[in-house]
Amino acid sequence: MSFAYFPHTPDDIRQMLHRSGVSSIEELYSDIPENLRFKGEYDLPDAMSEDEVRRYFEDIAGRNTRLTVFCGAGAYDHYTPAAVKYIISRSEFLTAYTPYQAEISQGTLRYIFEFQSMVCELTGMDCANASMYDGPTSAAEAMLMCTASSKKRKKVLISSSLLPNVIDVIRTYTGYHGVQLDTIEISDGVTSFSDLQQKLAWNDVAGVLVPGINRYGIIEDLDGFADAVHSAGALLAVYSDPSSLAVLKTPGEWGADIACGDGQTLGIPVSFGGPYVGFLACRKDLMRKLPGRIVGATTDLDGKRSFVLTLQAREQHIRREKATSNICSNQSLMALFVTVYMSLMGPEGLKKVNDLSYGGAHYLHRRLLETGKFTEVFDRPFLKEFVLMPSVDIPLLQKTLLDNGFFGALQTEEGYVSFCVTERRTKAEIDTLVDVINSIAI
């Protein structure tokens, strides 16, 4: 059997078979039972022209139901400037996939350096890395950083008010690294400071992770957390929505040692499960415990500014058994995406995003309470996301919204429903959503 687009010549195949000690392809696969082998013809469609292929996939895409998004829970429908997709496709950025050879990877190295610099500015930390897959894995790596920085302690505390998927990933990571995981209770919708103090009193905790904005959309007040954690000899990490850091206190201002989170809110469109990009930043004295890649600025032989991978002894290709992380693939395209986004938006643009999101979310919150079909759960500050207790059947509520082109009222494990409003949602869309909900009979 020959295949037109396989690069191996008949002589190549003969040599490989000889090296393998068999005489034919059939003999190579002889250990596969006959009843498992496919002997028919492949049911492949006829060849199509380029235009026909485009139309074919456009037809498939046209079958998708496009909904107006009023949900968050870790994936937020923020605006993406049109210029972003054009800029990230330019050849000076799309250089080598793995930037180990600095001479031909200056474009990649430069934007990773800029990404790190912007993450530091947003979080108030001293240094940042690249190569985190998403927010949950960056949170898990933050907890492993805490235990790696402690010679004897192998216990970490995480707030129960973190997003459920973040907790699940941390539980998986810690379970396979011999790290003991305990959770901090929730009190009136936020991390319980008293429960944290009680669990720190044992002096066996290496690190603590709390959210800046929690699973209910509430902005947590972390005043006093850093002092309590540090007094117990542990490190404090804060899981943040980076977009919100344009208007809220940064992890650095809260006194945190590590900042982590997901960069999806920085203009990356919501899609079918991705892509995402995590960020991880820390104080300077923890830099050698930071997993992933770190790009530094230097000068070449001619004195020109250039960029290189630095502190590579931390990475698995140098000292595999002592590497701080086994993440060797790189989310650098998404790092480039959010770097271009932040460059285009600037500080004032990010503030505007939050102003619009805040205004829309609080308008929807008030309108939903006025329907009489919801009651307040937590009287606490929120930015763009909130939960309410519904008096209508939740499956009916969700189905009615879906039938009218809306994705909202995400159910929590407590029986609340959450809504989220970003700058993309208009007043007309919010009013229509409320009208649809008003049509539901109690």
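Overview of the structure. In this text, all values refer to a predicted model and were calculated from it rather than measured experimentally.

A separate point is the overall build of the protein chain. Assigned secondary structure in the protein chain consists of 13 helices and 17 strands. Referenced to the eigenvectors of the C-alpha coordinate spread, the extents of the protein chain come out at roughly 75 × 55 × 50 Å. For the protein chain, buried positions account for 47% of its 442 residues. Across the protein chain, contacts joining residues at least 24 apart in sequence account for 68% of those joining residues at least 6 apart. Of the roughly 23,200 Å² of accessible surface on the protein chain, 53% is carried by carbon and sulfur atoms. For the protein chain, the distance from the average position of its 42 positive side-chain charges to the average position of its 55 negative side-chain charges is 5 Å.

Another aspect to go through is helix H8 (residues 193-200). Restricting attention to buried positions, one finds in H8 the residues Asp195, Leu196, Lys199 and Leu200. In an axial view of H8, the angular spread of the buried residues amounts to 135 degrees, which keeps them on one side of the axis. In the core, the buried residues of H8 are packed alongside strand E3 (155-159), strand E4 (180-184), strand E7 (205-211) and helix H9 (225-231).

This paragraph deals with the side chain of Thr371. In this fold, Thr371 is placed in the loop between helix H11 (332-370) and strand E13 (374-376). With residues up to four places along the chain from it excluded, the contact list for Thr371 reads Val434 and Asn438.

For the rest of this paragraph, the subject is the pattern of salt bridges. Evaluation of the coordinates by the stated rule reveals 24 salt bridges. Put simply, Glu114 and Arg110 hold a salt bridge, and the shortest N to O gap is 3.9 Å. Here Glu114 and its partner Arg110 are both found in helix H5 (residues 106-123), 4 residues apart, which amounts to about one turn of the helix. A salt bridge links Asp285 to Arg283; the nearest nitrogen and oxygen atoms lie 2.5 Å apart. The exposure class of Asp285 is exposed, given its relative accessible area of 55%. Here the residues in one salt-bridge network are Arg366, Arg367, Glu370, Lys427 and Asp431, joined through shared partners.

Before going further, it helps to spend a moment on the sheet that holds strand E16 (residues 410-411). Read from one edge to the other, the open sheet built from 4 strands follows the order E13-E14-E17-E16, with strand pairing classed as antiparallel. Both outer strands of the open sheet, E13 and E16, are each paired with one neighbouring strand and no more.

With that out of the way, let us pick up the packing of H11 against helix H13 (residues 427-438). Axis separation between H11 and H13 bottoms out at 10 Å; the angle between their running directions is 20 degrees. In terms of orientation, H11 lies roughly parallel with respect to H13. Handedness of the H11/H13 crossing: right-handed. Across the interface between the two elements, Gly360, Tyr363, Leu364, Arg367 and Leu368 from H11 touch Lys427, Ile430, Asp431, Leu433, Val434 and Ile437 from H13. Residue composition of the contact of H11 with H13, grouped by class: 7 nonpolar, 1 polar and 3 charged.

Look at any regular strand and the pattern is simple: side chains alternate between the two faces of the sheet. Counting buried positions along E7 yields 7 of 7 residues, so the element is predominantly enclosed. Two elements, E3 and E7, share 4 bridges in a ladder whose sense is parallel. Among the inter-strand pairings, Val156 is bridged to a residue of E7, identified as Gly207. Relative to strand E8 (residues 235-240), E7 is paired through 5 bridges, and the arrangement is parallel.

Basis of the calculations
Residues numbered from 1 in each chain as written. Predicted model: local features only at pLDDT ≥ 70, side-chain atom pairs only at ≥ 80, totals over all residues. Heavy atoms only, no water. Helix = DSSP H or I, 4+ residues; strand = E, 2+ residues; numbered from the N terminus. Buried < 20%, exposed > 50% of the residue type's maximum accessible area, 1.4 Å probe, protein only. Contact = heavy atoms within 4.5 Å. Areas by Shrake-Rupley, 256 points an atom, 1.4 Å probe, with all protein chains shown as cover. Lys, Arg positive; Asp, Glu negative; His and termini not counted. Charge placed at Lys NZ, Arg CZ, Asp CG, Glu CD. Arc of directions from axis to C-beta. Salt bridge = Lys/Arg side-chain N within 4 Å of Asp/Glu carboxyl O. Pairing = 2+ DSSP bridges. Axes fitted to C-alpha atoms, helices over the stretch in contact; angles between N-to-C directions. Parallel < 35°, antiparallel > 145°, perpendicular 65-115°, else oblique. Left-handed = near helix turned anticlockwise from the far one by under 90°. Nonpolar A, V, L, I, M, F, W, Y, C, P; charged D, E, K, R; others polar.

Interpretation note: all reported values are geometric properties and have no functional meaning in isolation.
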